[in-house]
Amino acid sequence: MVVWRRWIFPILLVLVLGAAALALVKIAFFPDTAPTAALQPSAQIADPVVAVERAEVANALSLPGTIARDAAYPLRSEIDGTVTAVHVGEGQAVAAGQKLFTIKQADPVKNIDVLAPEAGDITELAVVKGQPASIGAELAKLTPARYHVRATVEPVQLYRLQGAPTEGSVTIQGGPAPFTCTGLKVEVAEDGTTSVTCAVPADQVVFAGLQAQLDIDLGTVTDVLVVPTTAVKGGAGSGVVWIDGGDGELEERTIALGVSDGTIVEVTSGVEEGEQVRQYVPGVAAADEPVCYDDGMGGEYCEPAGWNW
């Protein structure tokens, strides 16, 4: 053991430290001179394309809505005279043809009864017995016992609602079986809010505030040429797509459009079946798919959805 401690271990330690020192000198003063190939960027964006094909397009809108009562309107006097009797009170429900007021006409002198034009509620009473009444004067307000469905839509949907039918189908969760509403129309408020309304049939029992679904069938076409709506810049009757001819060049082409379901759109002219169109308009990335390209090392790198180039 004395020999190991005095001679062998010190000699081994000197050898190890000497080898480490030589390695450091080699790295510091004698580096490898062989050039390393420079990495060249080779990433290329892959633009997805889709073929123009034939399909069926069902243009239908399903809109969340609310049941609401029709707005009140004024009842006005059609004669000059004096109110001799008020037969109803404010808030009272009345039937169609029910007597509301009696007015004594001045010339010729006679009593005339004012009748309810339809069933509803007297929401505002503007006259009392003995009060003069002139032509056009407001006597009361009547809130009719009528209901409608109102559904709010995005203004851009107005293009799809062009030529819409006059009726729709209404579904109330937990309510009666789906029924048809009539008089469907589009309304644009002063603040720009766009809505669709239609009348609830009189024989349907509904209540104001109920949530409903309004389905509108805007037409269906079959065996027509279609492309994804994401491929089209525009959309109201005409648009632009980018055709991939296979040579790396894109041809910008104007097309005529027909029925759309919001995902695909009918092309009535401008492309042929089988042609390849770019799936997304240049400058707009896929809404729900990542954008992928070659990473230059035999793999693929994908940007998250929503990335734009």
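Residues numbered from 1 in each chain as written. Predicted model: local features only at pLDDT ≥ 70, side-chain atom pairs only at ≥ 80, totals over all residues. Heavy atoms only, no water.

Points about the overall build of the chain
Move 1: Along the backbone of the chain there are one helix and 22 strands.
Move 2: Counting the 309 residues in the chain, one finds 29% classified as buried.
Move 3: At a minimum sequence separation of 6, the contacts of the chain that also span at least 24 residues come to 63%. (Helix = DSSP H or I, 4+ residues; strand = E, 2+ residues; numbered from the N terminus. Buried < 20%, exposed > 50% of the residue type's maximum accessible area, 1.4 Å probe, protein only. Contact = heavy atoms within 4.5 Å.)

Description of the pairing of strand β18 (residues 250–260)
Move 1: Judged from the seven bridges that link them, strand β17 (residues 238–244) and β18 form a sheet pairing that is antiparallel. The residue bridging Val241 from the neighbouring strand is Arg253, located in β18.
Move 2: Where β17 hands over to β18, the hairpin turn is made up of five residues, of which Gly246 adopts a positive phi near 90 degrees.
Move 3: Two successive antiparallel strands, β18 and strand β19 (residues 264–269), enclose a turn made up of three residues, where Gly262 displays a positive phi of approximately 95 degrees. (Pairing = 2+ DSSP bridges.)

Notes on the sheet that holds strand β6 (residues 99–105)
Move 1: In spatial order, the strands read β7-β6-β4-β9; together these four strands make up an open sheet with antiparallel pairing. Strands with a single pairing partner mark the edges of an open sheet, and in this sheet they are β7 (110–115) and β9 (132–133).
Move 2: Two elements, β6 and β7, share six bridges in a ladder whose sense is antiparallel. By the bridge assignment, Lys104 is partnered in β7 with Asn111.

What to know about the sheet that holds strand β3 (residues 73–76)
Move 1: The four strands are arranged β3-β10-β8-β5 in an open sheet whose pairing can be described as antiparallel. Unpaired on one side and paired on the other, β3 and β5 (93–94) mark the two borders of the sheet.
Move 2: Where β5 lies against strand β8 (residues 120–125), two bridges are found, and the strand directions are antiparallel. Each bridged residue has a counterpart across the sheet, and for Val94 the counterpart in β8 is Gly120.

Some details on the state of the cysteines
Defined simply, a disulfide is a covalent bond joining two cysteines at their sulfur atoms.
Move 1: As enumerated under the stated definition, the model contains one disulfide in all.
Move 2: Each disulfide pairs two cysteine sulfurs, and for Cys181 the partner residue is Cys198, the sulfurs being separated by 2.0 Å. Across the S-S bond linking Cys181 and Cys198, the dihedral sits near -80 degrees, which makes this disulfide left-handed. One end of the pair, Cys181, is in strand β13 (residues 179–188); the other, Cys198, is in strand β14 (residues 194–199), with 17 residues separating them in the sequence.
Move 3: Cys181 gets classed as buried once you look at its relative accessible area, which sits at 0%.
Move 4: A residue is classified by how much of its surface remains accessible, and Cys198, at 2% relative accessible area, is buried. (Disulfide = S-S within 2.5 Å.)

Quick word on the pattern of salt bridges
Move 1: According to the stated counting rule, one finds nine salt bridges in the structure shown.
Move 2: Of the charged contacts in the structure, one is a salt bridge between Arg146 and Asp70, with a shortest N-O distance of 2.4 Å. One end of the pair, Arg146, is in the loop between β10 (138–144) and β11 (147–153); the other, Asp70, is in the loop between β2 (53–69) and β3, and 76 residues separate them in sequence.
Move 3: On the accessibility criterion, Arg146 (36% relative accessible area) is partly exposed.
Move 4: Of the charged contacts, one joins Lys185 and Glu187 as a salt bridge, the two residues approaching to 3.7 Å between their closest N and O atoms.
Move 5: Exposure remark for Glu187: the relative accessible area of 26% places this residue in the partly exposed category.
Move 6: Residues participating in the shared-partner salt-bridge network are Asp70, Glu118 and Arg146. (Salt bridge = Lys/Arg side-chain N within 4 Å of Asp/Glu carboxyl O.)

Quick word on the environment of Thr268
Move 1: Tracing the chain through its elements places Thr268 in strand β19.
Move 2: Accessibility expressed as a relative area gives 49% for Thr268, which makes it partly exposed.
Move 3: Once the C-alpha coordinates of Thr268 and Leu257 are considered, the two residues, eleven residues apart in sequence, prove to be 5.6 Å apart.
Move 4: Ignoring sequence-local partners within four residues, the contact set of Thr268 consists of Ala256, Leu257 and Gly258.

Here we look at the confidence of the model for the chain
Move 1: Predicted confidence across the chain gives a mean pLDDT of 82, with 80% of residues reaching 70 or more.
Move 2: Here residues 303–309 is a poorly scored stretch, pLDDT under 50, and it has 23 contacts once near neighbours within four places are set aside; other chains count. (pLDDT = per-residue confidence, 0-100.)

Details of the nonpolar core
Move 1: Of all hydrophobic cores here, the largest spans 20 residues; its most connected members are Val170, Val196, Leu214 and Ile216.
Move 2: Elements supplying a minimum of two residues to this core: β2, β11, β12 (167–172), β13, β14 and β15 (211–228).
Move 3: Excluding residues within four positions of it along the chain, Leu214 makes contact with Leu61, Ser62, Leu63, Val149, Ala151, Gly168, Ser169, Val170, Cys181, Val196 and Cys198.
Move 4: Within the second largest apolar cluster, 16 residues are counted, among which are Leu75, Val83, Val114 and Ala133. (Core = buried A, V, L, I, M, F, W, Y, C linked by side-chain atoms within 4.5 Å.)

Let's talk about the pairing of β19
Move 1: In terms of strand pairing, β15 meets β19 through three bridges, oriented antiparallel. Its bridge partner lying in β19, Val226 is registered against Glu266.
Move 2: Here three bridges tie β18 to β19, and the two strands are oriented antiparallel to one another. Bridging from a neighbouring strand, Leu257 pairs with Val267 of β19.

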